[in-house]
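One-letter residues, chain by chain:
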Amino acid sequence: MVKKSVLVCFLLVTAIQFAQETQGKVVSEKGVIEGAIITVKNTFTEAITNAAGEFSIKAGDDNVLVISYFGTEAKEVVATPSTSMTIVLDTDAELLDEVLIKAKKEAKEKTEETAYGKQNRDALGYSTSQTLTADQINQSYTNVFDIIRTMPGTEVFGLQGQEQSVIFTKNRSLNTALPIVVIDGAVFDQSILNAISPTQIVKIALLKSLNATLRYGQLGAGGAILITTQLGEGNAFTPEQKQASLLVKGNEYKENIVTIENAPTFEPYLLSLQKATNFEEAKNIYQTQRDSGDYNTIPYYVSVSDYFLKWDANFSFQVLSNIAKEASNNTKALRTYAYKLDERKEFLKSLSVYKRIVALRPGESQSYLDLAMASEATGDYDTAFALYYQIIFNTIPNVDCTGIQDIAINEIRHLLAFHKNKVPFQTLPNDFLAAKLKQDIRIVLQWNNPSKDFEVQFVSPENKFFIWNHTKFDNIELMKEEVEQGYAIKEYSVDEKSKGSWRVNIRALEEEAQKNPTYLKYTLYRNFGLTTETKQVKVVNLSQFTEKVTLDNFIFQ
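This report concerns the structure included in the present document. Model, not experiment: these values are computed from the prediction.

What counts, and where the lines are drawn
Residues numbered from 1 in each chain as written. Predicted model: local features only at pLDDT ≥ 70, side-chain atom pairs only at ≥ 80, totals over all residues. Heavy atoms only, no water. Phe/Tyr/Trp six-rings, centres within 6.5 Å; stacked < 30°, edge-to-face > 60°. Buried < 20%, exposed > 50% of the residue type's maximum accessible area, 1.4 Å probe, protein only. Helix = DSSP H or I, 4+ residues; strand = E, 2+ residues; numbered from the N terminus. Salt bridge = Lys/Arg side-chain N within 4 Å of Asp/Glu carboxyl O. Pairing = 2+ DSSP bridges. Axes fitted to C-alpha atoms, helices over the stretch in contact; angles between N-to-C directions. Expected span 1.5 Å × (residues − 1). Arc of directions from axis to C-beta. Contact = heavy atoms within 4.5 Å. Polar contact = N/O pair within 3.5 Å; in protein donor to acceptor, adjacent residues only side chain to side chain. Parallel < 35°, antiparallel > 145°, perpendicular 65-115°, else oblique. Nonpolar A, V, L, I, M, F, W, Y, C, P; charged D, E, K, R; others polar.

Examining the packing of aromatic side chains
In step 1: A complete count under the given rule lists 20 aromatic pairs for this structure.
In step 2: Between Trp447 and Phe454, the ring centres sit 5.1 Å apart and the planes meet at 75 degrees, which makes this aromatic pair edge-to-face. Assigned by exposure class, Trp447 and Phe454 land together as buried.
In step 3: The interplanar angle of 55 degrees and the centroid separation of 4.7 Å between the aromatic rings of Phe458 and Tyr492 together place this pair among those described as tilted. In this pair, Phe458 is assigned in strand 19 (residues 454–459) and Tyr492 in strand 21 (residues 489–494), connecting sequence segments 34 residues apart.
In step 4: Judged by relative accessible area, Tyr492 falls into the buried class, the value being 1%.

A few points about the pattern of salt bridges
In step 1: Scanning all chains against the criterion turns up 23 salt bridges.
In step 2: The salt bridge involving Glu76 is made with Lys41; its shortest N-O contact spans 3.1 Å. Here the residue Glu76 occupies a position in strand 7 (residues 75–78), and Lys41 occupies one in the loop between strand 3 (37–40) and strand 4 (46–48), the gap between them amounting to 35 residues.
In step 3: We classify Glu76 as partly exposed; its relative accessible area is 46%.
In step 4: Ionic pairing is found between Lys472 and Asp453, a salt bridge with its closest N-O pair at 3.0 Å. Residue Lys472 is found in the loop between strand 20 (465–470) and helix 18 (476–485), and its partner Asp453 is found in the loop between strand 18 (441–447) and strand 19; the two are separated by 19 residues along the sequence.

Comments concerning the pairing of strand 6 (residues 64–68)
In step 1: Side chains Leu65 and Ile67 of strand 6 all project onto a buried face; the interleaved residues Val64, Val66 and Ser68 project onto a face where none is buried.
In step 2: Note that strand 6 and strand 7 share 4 bridges and pair antiparallel. Paired with Val66 across the strands is Glu76, a residue of strand 7.
In step 3: Where strand 6 folds back on strand 7, the antiparallel hairpin that results is connected by 6 residues, among which Gly71 adopts a positive phi of roughly 85 degrees.

Remarks on the sheet that holds strand 22 (residues 500–508)
In step 1: Ordered by their spatial adjacency, 4 strands build an open sheet running 20-19-22-25, and the pairing between neighbours is antiparallel. The sheet is open, and its two edges are formed by strand 20 and strand 25 (549–556), each paired on a single side. Pairwise comparison of adjacent strand axes, ignoring direction, gives a mean angle of 15 degrees for this sheet.
In step 2: For strand 22 and strand 25, the ladder comprises 7 bridges, and the chain directions are antiparallel. Its bridge partner lying in strand 25, Gly500 is registered against Phe556.

A word on helix 8 (residues 279–292)
In step 1: Taking 1.5 Å of rise per residue, 14 residues should cover 20 Å, and helix 8 covers 20 Å from first to last C-alpha, within 8% of that figure.
In step 2: Every buried residue of helix 8 is listed here: Ala282, Tyr286 and Gln289. What you see down the axis of helix 8 is that its buried residues fit within an arc of 60 degrees, all on one side. The outward face of helix 8, more than 90 degrees from its buried face, is lined by the exposed residues Asn284, Thr288 and Asp291.
In step 3: Those residues of helix 8 that are buried are in contact with helix 7 (268–273), helix 9 (298–308), helix 10 (313–320) and helix 11 (322–326).
In step 4: Where helix 8 starts, the residue carrying a side-chain oxygen 3.2 Å from the main-chain nitrogen of Glu280 turns out to be Asn278.

A word on the packing of helix 8 against helix 9
Packed helices, taken two at a time, are described by the angle their axes make and the gap between the axes.
In step 1: Running from N to C, helix 8 and helix 9 point in directions that differ by 170 degrees, and their axes come no closer than 12 Å. The angle between helix 8 and helix 9 falls in the class roughly antiparallel. Facing helix 8, whose interface residues are Phe279, Ala282, Lys283, Tyr286, Gln289 and Arg290, helix 9 presents Tyr300, Tyr301, Val304, Tyr307 and Phe308.
In step 2: Of the residues in the contact of helix 8 with helix 9, the class split is 8 nonpolar, 1 polar and 2 charged.

Here it is in structure tokens:
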């Protein structure tokens, strides 16, 4: 009886410890932080700070909390359930306060972005000492080297008018690599600097140390000189003029990279499963792996579920559904789960997941757009229409939808193209009803972490490449907006003037822990909005590909 009482007491104490709540506040030098993510290390347990910077999370004094927020350095602290915590996050050393390039931000363009990558770049995340804009460049300078030598931390070697080179003094050593030059997204060696007139430059910035290496690999070991020109702004020049310019002639695509399907597999759990010769043997290997407790990660459930598709679809889904069981309150993991269900056309299942995400993150605009698209996919056109309508006219209480309104406009027009008589279309302005979809190819990218640095490269039939950088250094204002409004989605279109063979490449520009990494959902529509429309979905673990891979090859006929 005594032993039984001791056991009961032990279980009660254990249960109390497990249920302990840790509360606190997350702040920076500027004040409280709303939207900071608090995660119990090595688990899927997470919480988000409210408008007052406050949080509450199930964590005992033996747990470590990981706190992160866009533009700050992640911090680990030991949970203190007995006292309220105040956690101070420091600004990322490589990402200082953004510098506004224009005195007044121009109104956001309402036109769609094409696969040529036209971008609205109003700000960059550099310190003022590392960025110069056109109005800060002395008109008396005759070459780019004159500009660079005025920027701190640089040295220019060589005689003017002859061969000159730039190094960053913090990197100087006997074997210092020279900084590369990146002009409007295209990478060159420093010889290109002789061909650029200072009058062409809209802005010039220096990218040093680790970030240059992460973004450009070994090429960026010596840093990078980033230059945006008038041609890169894309306002005063036609595509024909761009292609005729010296700066764009350098972006000929010459790489030979592996497709994502042929990328090598190194995960030991997959290598073990691939040795199985039948379904029962594969299940036994899987059960042994699960019993070990070593593989409670999102990539494990996704990859192993994909593996079991060849044996049994129902069992494959059972494996995938572990995400919902293990991470029922983790929206990043749940979005990965929903993406995979969408990929498999399990729309009713994914709809329930998107509803769960709305309940967990009612302040994020992406939650409502995902729910609208999922509702449309399941035939609930009234709900889809109502959500699109609210997003377009920004009427969801306490949610800012301005960042996704253009995409919602395309979605509601798509809905009208197929199901106009099933929704109250009369409530829309006439210009919505009159407008016709003119998108032969439409590409939609969604990812489950708006803070993720990555790039997408489109290669045209003319073998020219165009890059969209989703990075804190190229699109700081966009990424801040994504984090604040809670969305991570981008669309592109390819019109009939660009027929031929296209390639889409991706590359992650930062490493990430594989417990719950960033996943990207890629959707390719052909004949968008027509009765002949087709849709292809791919979901990939973006953080696995720090080396560039081809996500898709498609022919536009």
